[in-house]
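Next come the chains, spelled out residue by residue.
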Amino acid sequence: MLKELLYKENYSVSEIETLLSLKDEEDIKQLQDRANEMLNQSIGDSVYYRGIVEFSNICSLDCYYCGIRKSNGEVGRYALSKDDIISSAKWCADQGYGSVVLQSGERSDENFVNFVEEVIREIKKETISEKLPRGVGITLSVGEHSKEVYSRFFKAGAHRYLLRIETTNEELYRELHPESQELNERKECLSFLRQSGFQVGTGVMIGIPGQTIEMLARDVLFFKEQDIDMIGMGPYLVHNQTPMAEKSQMDKDPLLQLSLNMIAVCRIVLKDINIAATTALQAVVPDGRERGLSYGANVTMPNITPTEVRSSYKLYEGKPCMDEGRQECKSCLLGRVHSIGRDVAFDQWGDSKHFALRTSRTENF
Ligand code: 5AD
Ligand code: FES
């Protein structure tokens, strides 16, 4: 019965709910095995690194769950210099990471857009080598912008973009954000990104107060409908200096299992996309990221933000790697990947195979 469900071509909301709700050890093992089988069949089991530089925590938004929200006056604000960001990206290239993620709080002023554009151009120029003839791959994660701005970022040389939808449920989205932030606008941004040529990544938080399994099942179908190329999602965790701190958080064990089930289900339903084992998993249990990989994820993001500012980019309580340096994260994470019998594919962009197939699909029409 479960076996049949794990081998379907198309899934209904209630079928996905059933898979997400699995709790019995034997059932979970079957889910995990199927996710790994799909991973091996569709893209192979290499793990791809994206060195993440959290280059600024200055944010104009006020999401109720996020530690660096505009209204959190307790957090010291920082913005790395162009040189610091570029040298971090160069360090990544030297380590063989192949790709970087540039992430920051959201700002839409022209200075910021120009800054990001220049940083992208410089990184591309400075990281060209024999191993990386087109420089490091750049994923941007700097929030909502106009189509024109996205096109500028793409032309400058970034080619992947992460913009989490957080939840596709209207009412829940409303409860997480001030009125000025609209779910529809975020959805529109995802289509702008696609139109601009990006490999598009999105994702949700798992275990948000008020979130149901049905909502998560609908999120998975949204990823499918939108033909998404990459997923980065993780457990919702309280940050004490946010309005949501007064609401409760799921217990760690069920929260972890639900997050892992989400990864496995996304792998089974969406097949050849990239899925990240995110840092937040490691905030729930120390081996959270390895567990994410062992449920079908194929990407992980070593933190390369300079140690001096790491603690100011605390989105939730218990974020790991706050006092470590990039060198420590490098050896730590490699050990973690090896501990589950997987290997890192160095010196490659590690693009989404789904993107390659969907674009060749479109070209054929
Ligand atoms: N718990 C978990 N994830 C969070 N994020 C922000 N705040 C939290 C939190 N309290 C995630 C959001 C955002 C990404 C950059 O970090 O999903 O899109
Ligand atoms: Fe940063 Fe382990 S990954 S210390």
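Values in this document were obtained by computation on a predicted structure and should not be read as measured data.

**Details of helix α5 (residues 110–126)**
The end-to-end C-alpha separation of α5 is 24 Å, in line with the 24 Å expected for 17 residues at 1.5 Å each. Looking at the buried positions of α5, the neighbouring elements they touch are β2 (51–56), α4 (82–95), β3 (99–104), β4 (137–141) and α6 (147–156).

**What about a negative patch on the surface?**
A cluster of acidic residues, Glu-170, Glu-171, Glu-175, Glu-179, Glu-182, Glu-185 and Glu-188, forms a negative patch at the surface. Sorting the residues of the negative patch by element identifies α7 (170–176) and α8 (183–195) as the ones contributing at least two each. Broken down by element, the residue count for the negative patch peaks at three residues, all from α7. Among the residues examined, Glu-171 registers a relative accessible area of 55% and is labelled exposed.

**Overview of the packing of α4 against α5**
Where α4 meets α5, the closest approach of the two axes is 10 Å, and the angle between their N-to-C directions is 35°. In this structure, α4 meets α5 at a crossing whose hand is right-handed. Each of Lys-82, Ile-85, Ile-86, Ala-89 and Lys-90 in α4 lies in contact with α5, whose residues at this interface are Phe-115, Glu-118, Val-119, Glu-122, Ile-123 and Glu-126. Looking at the contact of α4 with α5 residue by residue, the classes come out as six nonpolar, no polar and five charged.

**A word on the site of ligand 1**
Tyr-65, Cys-66, Gln-103, Arg-164, Glu-166, Met-205, Pro-235, Tyr-236, Leu-237, Leu-315 and Tyr-316 make up every residue found near ligand 1. For ligand 1, an oxygen atom lies 2.8 Å from a polar atom in the side chain of Arg-164. Here a nitrogen atom of ligand 1 sits 3.5 Å away from a polar atom, N or O, in the main chain of Leu-315. Protein chains bury 87% of the 410 Å² of accessible surface belonging to ligand 1 in isolation. Split by residue class, the shell around ligand 1 holds eight nonpolar, one polar and two charged.

**Remarks on the packing of helix α2 (residues 13–20) against helix α10 (residues 252–270)**
For the pair α2 and α10, the least separation of the axes is 9 Å and the interaxial angle reads 135°. Between α2 and α10, the crossing angle belongs to the class labelled oblique. Taking contact as the criterion, the partners of Ile-16, Leu-19 and Leu-20 in α2 are, on α10, Leu-258, Asn-261, Met-262, Val-265 and Val-269. The residue makeup of the contact of α2 with α10, split by class, is seven nonpolar, one polar and no charged.

**Comments concerning the pattern of salt bridges**
Taken as a whole and assessed by the stated rule, the structure comprises 23 salt bridges. Put simply, Asp-227 and Arg-194 hold a salt bridge, and the shortest N to O gap is 3.6 Å. You can see Asp-227 sitting in the loop between α9 (213–225) and β8 (230–235) and its partner Arg-194 sitting in helix α8, a full 33 residues away along the chain. Relative accessible area serves as the criterion here: at 17%, Asp-227 is assigned to the buried category. Here Asp-229 and Arg-358 are joined by a salt bridge, their closest N and O atoms 2.6 Å apart. Taken together, the residues span a long stretch of sequence, with Asp-229 in the loop between α9 and β8 and Arg-358 in helix α15 (residues 353–363) at a distance of 129 residues. Assigned by exposure class, Asp-229 and Arg-358 land together as buried. Residues joined in a network through salt bridges with shared partners are Glu-110, Glu-117, Arg-121 and Arg-152.

Thresholds, definitions, all that
Residues numbered from 1 in each chain as written. Chains lettered and ligands numbered in written order. Predicted model: local features only at pLDDT ≥ 70, side-chain atom pairs only at ≥ 80, totals over all residues. Heavy atoms only, no water. Helix = DSSP H or I, 4+ residues; strand = E, 2+ residues; numbered from the N terminus. Expected span 1.5 Å × (residues − 1). Contact = heavy atoms within 4.5 Å. Patch = residues over 30% accessible without salt bridge, like charges linked within 9 Å, V, L, I, M, F, W, Y side chains within 5 Å. Areas by Shrake-Rupley, 256 points an atom, 1.4 Å probe, with all protein chains shown as cover. Salt bridge = Lys/Arg side-chain N within 4 Å of Asp/Glu carboxyl O. Lys, Arg positive; Asp, Glu negative; His and termini not counted. Charge placed at Lys NZ, Arg CZ, Asp CG, Glu CD. Buried < 20%, exposed > 50% of the residue type's maximum accessible area, 1.4 Å probe, protein only. Axes fitted to C-alpha atoms, helices over the stretch in contact; angles between N-to-C directions. Left-handed = near helix turned anticlockwise from the far one by under 90°. Nonpolar A, V, L, I, M, F, W, Y, C, P; charged D, E, K, R; others polar. Near = heavy atom within 4 Å. Polar contact = N/O pair within 3.5 Å; in protein donor to acceptor, adjacent residues only side chain to side chain. Parallel < 35°, antiparallel > 145°, perpendicular 65-115°, else oblique.

What is shown is where atoms sit, not what they do.
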